[in-house]
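What follows is each chain in one-letter form.
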Amino acid sequence: MIEPIQWHDGRLLFLDQTRLPHETALIETDDPSVVIGAIRELAIRGAPLIGIAGAYAAVLAAQRHLGRSWEFVRLQWDAIGSARPTAVNLMWAIDRMRKVVQLSGLVSRMDVTALEREATAIHQEDREACERIAAHGSALLPDQAAVLTHCNTGMLATGGIGTALGVIRKAWEAGRCTHVYVGETRPLLQGARLTAWELSSLQIPYTLITDSMAAVLMQRGIVRSVIVGADRIARNGDVANKVGSYGLAVLSQAHRLPFFVAAPVSTIDLSTAEGAQIPIEERSAREVVVCGGREVAPVESRVFNPAFDLVPARLVSAVITDRGIAQPPGVDTIAALTGTRKPA
Ligand code: MRU
């Protein structure tokens, strides 16, 4: 499997995920605005991966302005940090990058080297976080049972084996998980185009469903748990994730099935007290009206297209992170994982 992001000699290579599963096209660039565009168009996507790409884009911005004022770099860093609003990882990565340089005087070669080191560290840390999430989570999935997942949370969305999909992969390798049901994830089909593609190449048995079929699977007792990733987790354990996650959580509760969320601790935003404060990205009407390059509805249709939704903590059985499990998620268990105290 191709790594979705690679860094070679001051240039970024990324897999254009909009072209999958038909084409595996690698784009090479040293232009931070190309990376910003790729993040906006979802050529690079998935919360941890956009954080990693954002960090490398921050290096590219400094490299471009070597010997010049930080002012231009700062503007580009702001554009990187706000390329997509819901996942906290972009802002988190830019904050980390800001801390390794002085941001005064002119951009020096030493600054670029320090930034490059930090971006590479962010990438490597995410790779390791994925392994730990998978180790913590695989034993939580019901044994000898099928699981349902949504969107794409695998190698294409992270620096490593993935979050929710990494857990599934480890549970499959351990002989616990027997089968994976994959929701197609309309409108952009991350489940069908990306997760099915990953599971195929890993030779893990899966069945693709349209999003509206999840309830039937639960009603018939075919799946015994649901696991998804997260774009941002608030201090109280509320989760923002790909639209459709909330519906699956409600369905899981109605069928008394565990609903798990897997994410690195870097996805927890301690500055956000609860889910209602998380900005939910709304995307273009065309994403809903056009499917597979064809219009599937009158073009004049009004469209509602939130890219994410909110799962209240009370519907989440456990948040599985690289530092352990918040079970059930809430102010106390999240504070324990992040090493912060419960706010007064
Ligand atoms: O719009 P996308 O494809 O970037 O949305 C991705 C998701 O919602 C994932 O579930 C989430 O980012 C976790 S990825 C490990």
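Structure first, text after, so check above.
Keep in mind that this is a model prediction, so the values were computed, not measured.

*Asks:* How should the sheet that holds strand S16 (residues 324-326) be read in this particular structure?
*Replies:* Adjacent strands of a sheet pair through backbone hydrogen bonds, lying either parallel or antiparallel. One open sheet accounts for seven strands, arranged S6-S5-S4-S7-S10-S15-S16; its pairing is mixed. The open sheet terminates on both sides in strands that have one partner only, identified here as strand S6 (206-209) and S16. With direction set aside, neighbouring strand axes in the sheet form an average angle of 25°. The strands touched by helix H5 (residues 109-138) are strand S10 (259-262), strand S15 (318-321) and S16; relative to S15, the strand with the most contacts, the crossing angle is about 140°.

*Asks:* Please clarify how the site of the ligand should be interpreted in this entry.
*Replies:* The environment of the ligand is made up of 18 residues, and the closest members are Arg45, Arg84, Asp231, Asn241 and Lys242. Within the side chain of Asp231, a nitrogen or oxygen atom sits 2.8 Å from an oxygen atom of the ligand. Summarising the interface, the protein chains cover 99% of the accessible area of the ligand, which totals 410 Å² for the free molecule. Of all elements in the fold, only helix H2 (47-64) and strand S9 (239-242) reach the threshold of two or more residues within the shell around the ligand. In the shell around the ligand, the residues fall into seven nonpolar, seven polar and four charged. Two domains each donate at least three residues to the shell around the ligand, and these are domain 1 (5-130) and domain 2 (138-338).

*Asks:* Would you explain the pattern of salt bridges in this entry?
*Replies:* Opposite charge on two side chains permits them to pair, given that their charged atoms come into close proximity. The full count for this structure, using the stated rule, is 18 salt bridges. Of the charged contacts in the structure, one is a salt bridge between Arg98 and Asp78, with a shortest N-O distance of 3.0 Å. Linking Arg98 in helix H4 (residues 89-99) with Asp78 in helix H3 (residues 70-81), this pair joins segments that are 20 residues apart in sequence. Lys170 is the partner of Glu131 in a salt bridge, and the nearest nitrogen-oxygen pair spans 3.6 Å. Of this pair, Glu131 sits in helix H5 while Lys170 sits in helix H6 (residues 164-173); the two residues are 39 residues apart in sequence, bridging distant segments of the chain. Connected through salt bridges with shared partners, the residues Arg11, Glu28, Asp30, Asp31 and Arg64 form a single ionic network.

Rules and cut-offs
- Residues numbered from 1 in each chain as written.
- Predicted model: local features only at pLDDT ≥ 70, side-chain atom pairs only at ≥ 80, totals over all residues.
- Heavy atoms only, no water.
- Pairing = 2+ DSSP bridges.
- Helix = DSSP H or I, 4+ residues; strand = E, 2+ residues; numbered from the N terminus.
- Axes fitted to C-alpha atoms, helices over the stretch in contact; angles between N-to-C directions.
- Contact = heavy atoms within 4.5 Å.
- Near = heavy atom within 4 Å.
- Polar contact = N/O pair within 3.5 Å; in protein donor to acceptor, adjacent residues only side chain to side chain.
- Areas by Shrake-Rupley, 256 points an atom, 1.4 Å probe, with all protein chains shown as cover.
- Nonpolar A, V, L, I, M, F, W, Y, C, P; charged D, E, K, R; others polar.
- Domains from an automatic or database assignment.
- Salt bridge = Lys/Arg side-chain N within 4 Å of Asp/Glu carboxyl O.

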